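An overview of the molecular structure
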Amino acid sequence: YTLDLAARFHFKSSILTTAGTIQYNLKNPNFSTGIFSHKASVAKDFLFSIKETFQNEKILHVCFPDVVWANCEREAPLWSLDEGIILKRASNRREASVSAHGLVEGMPTGLHFERRVYDDIVTIDIADSADVMEKVKQACDLSQNLKTLTSSHHRVVGTYYHHNDPLVYVKNKKNIEGESKYFVRFKPATEDGTANGTPVLMSQESFDELKGDKSFACQQLLDPSPQQDQKLNPDYLNVIDREFLPTNLYKFMVIDQAGDQTSNKTNKNEDSWAISVFGVEPEVDDIGQSRVFILDLWISPAGESEAIDQAVRMFVKGGMIQKIAVEKVGISTTHLHIASALKAKGRYITFGETGEGHNGILLRPAGRNKKKFIEGAFAWPLNNSKWFYSKDVPNAYIDRLKMEMTNFPVWHDDGLNTCAYLYDVLKGYHFAKTNSNENRRPLLYAQMGV
């Protein structure tokens, strides 16, 4: 249970995965080591170095004749990258002495290893795919069943690529006592872990050449979430007690449908539904922005029927809601089912494209790039203290929204999409310009006693 995080070019794989495996199997010839990477082809690169060392370094043949074959390719029962390599040993087991496997592609079944090494479980190829990274995390957990009942241990080796990558997941794992599950050895490229610190291994010139790269913070400073790179900072989302909410809010409900509208099955790896109730202050400041308050929120994987029931409950609970807006994707008829369900509750909704003459609005992506749409609509008001959420909103959903903000634009964005769509809904509203900021002071400062 060792997690070795080290900057690129710092020999972590050479020392810990390659040399460490050679040393371990020389000392424990009857034990088996499994090397795991994102893909089997990556793990085989490590096995290739190990195989070539055993095969070509004559000093090992001389010093360890009881373990290393004099002519590995000819004498070893197994000597290949695909199936692994077998050293001299007393046991007659099915596992090779050293073998290479993939987590997402090529996970073995029925094998058990005294020692497992996880290296390059995340690469640049998967860093932009949140779904693939989630599969790697699940595969890492599943692979724990490949241990032996005794003498089993494992280590994880790597460098961050992303603030939500599998190495972050491993680092945050806890045991049943709530303590960190892994002993972490943290080796950034500089002595103090900062961009202006003294490089540990590489020259100052080589280090300075890397500073302009987008991957510099992750790959060299081991900072997967550099503050300056965040497009949507969750710290800018203000919290407010319900008693301090303005009393003149215009309320709107926005619904972002999950990707698959035809299934009632819940799958945590699929898109979630997001249903938000917003309160908008009916006045704008000098730059035309109103303050927005998240009054209720629900983000969850769900079937269509469950999501419609949730929307109806939130609409009824929300009181006087001026408009309900539903994302219209393809031939989906979700808005019609919502209208029918609300009619049974005595609420009458009619949907139209613009909302003019209707209290229901159909929202359409209209060919817009979703990432740019969200950032363009939401980032500026968020960064300028226009967004608040009520303490009454369940923490689980606020945490989910903040996670979407932290991981934007490479993770799920269901809740964020409702925030951006709100500004489509507000296009038909012309609020009065406020003449004074005095009425804003209690909202911003009352909870701090100012």
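As the structure is a computational prediction, the values presented were derived from the model and not from experiment. (Residues numbered from 1 in each chain as written. Predicted model: local features only at pLDDT ≥ 70, side-chain atom pairs only at ≥ 80, totals over all residues. Heavy atoms only, no water.)

Another aspect to go through is the pairing of strand E7 (residues 153-158). With five of its six residues buried, E7 lies for the most part within the structure. Where strand E1 (residues 2-6) lies against E7, four bridges are found, and the strand directions are parallel. If you follow Asp4 over to E7, its bridge partner there is Val157. Here five bridges tie strand E6 (residues 115-119) to E7, and the two strands are oriented parallel to one another. If you follow Arg115 over to E7, its bridge partner there is His153. (Buried < 20%, exposed > 50% of the residue type's maximum accessible area, 1.4 Å probe, protein only. Helix = DSSP H or I, 4+ residues; strand = E, 2+ residues; numbered from the N terminus. Pairing = 2+ DSSP bridges.)

Attention now moves to the state of the cysteines. Note: disulfide means a covalent bond formed between the sulfur atoms of two cysteine side chains. Enumeration according to the criterion identifies zero disulfides in this entry. With no disulfide of its own, Cys218 lies closest to Cys140 among cysteine sulfurs, the gap being 17 Å. Its relative accessible area of 10% is what places Cys218 among the buried residues. (Disulfide = S-S within 2.5 Å.)

Each regular strand shows side chains that alternate between the opposite faces of the sheet. The side-chain alternation of strand E16 (residues 360-363) yields two buried faces, one formed by Gly360 and Leu362 and the other by Ile361 and Leu363. By the bridge criterion, four bridges tie strand E14 (residues 323-327) to E16 in an arrangement that is parallel. In the strand pairing of E16, Ala325 is matched with Ile361. Where strand E15 (residues 351-352) and E16 come together, two bridges link them in parallel fashion. When the sheet's bridge partners are listed, Gly352 is paired in E16 with Ile361.

Another aspect to go through is the packing of aromatic side chains. Taken as a whole, this structure holds 10 aromatic pairs when the rule is applied. With 5.3 Å between their ring centres and 20° between their planes, Phe36 and Tyr118 make a pair best called stacked. With Phe36 in strand E2 (residues 33-39) and Tyr118 in strand E6, this residue pair connects regions lying 82 residues apart in the sequence. Neither residue differs from the other here; Phe36 and Tyr118 are each classed as buried. Consider the rings of Phe207 and Phe216, whose centres lie 5.4 Å apart with planes at 55°: the pair is tilted. Grouping aromatic residues by their ring pairs yields a cluster made of Phe278, Phe378, Trp387 and Tyr423. The ring of Phe373 carries the charged tip of Arg368 above its face, separated from the ring centre by 4.1 Å. (Phe/Tyr/Trp six-rings, centres within 6.5 Å; stacked < 30°, edge-to-face > 60°. Lys NZ or Arg CZ within 6 Å of the ring centre and 35° of its normal.)

A few words now on helix H10 (residues 334-343). By the burial criterion, the buried members of H10 are Thr334, His335, Ile338, Ala339 and Leu342. When H10 is viewed along its axis, its buried side chains cluster within an angular range of 135° and face the same direction. Along H10, exposed side chains directed more than 90 degrees from the buried face belong to Leu336 and Lys343. Buried residues along H10 sit against strand E10 (250-256), strand E11 (273-280), helix H9 (304-317), E14, E15 and E16. (Arc of directions from axis to C-beta. Contact = heavy atoms within 4.5 Å.)

Summed over the entire model, instances satisfying the criterion amount to 20 salt bridges. Note that Lys137 and Glu134 form a salt bridge whose closest N and O atoms lie 2.9 Å from each other. Taken together, the residues span about one helical turn, with Lys137 and Glu134 both in helix H5 (residues 130-142) at a distance of three residues. Put simply, Asp4, Arg155 and Arg185 are held in one network by salt bridges that share partners. (Salt bridge = Lys/Arg side-chain N within 4 Å of Asp/Glu carboxyl O.)

Our focus in this paragraph is the side chain of Asp285. By the element assignment, Asp285 lies in the loop between strand E12 (283-284) and strand E13 (292-300). Engagement of the side chain of Asp285 in a polar contact is seen with the side chain of Lys386, the distance being 2.4 Å. (Polar contact = N/O pair within 3.5 Å; in protein donor to acceptor, adjacent residues only side chain to side chain.)

Let us look at the nonpolar core. Generally speaking, nonpolar side chains in soluble globular proteins are found buried as a group. Among the nonpolar cores identified, the biggest contains 37 residues, and Leu232, Trp387 and Leu401 are the most heavily contacted of them. Of all elements in the fold, only E10, E11, E13, E16, helix H11 (370-383), strand E17 (387-390), helix H12 (395-407) and helix H13 (414-425) reach the threshold of two or more residues within this core. With seven residues, H13 is the largest single contributor of residues to this core. Setting aside its immediate chain neighbours within four residues, Leu401 contacts Leu237, Ile294, Leu297, Ile299, Gly415, Leu416 and Cys419. (Core = buried A, V, L, I, M, F, W, Y, C linked by side-chain atoms within 4.5 Å.)

Tracing the chain through its elements places Phe48 in helix H2 (residues 40-56). Residue Phe48 is classed as partly exposed on the basis of its relative accessible area of 42%.

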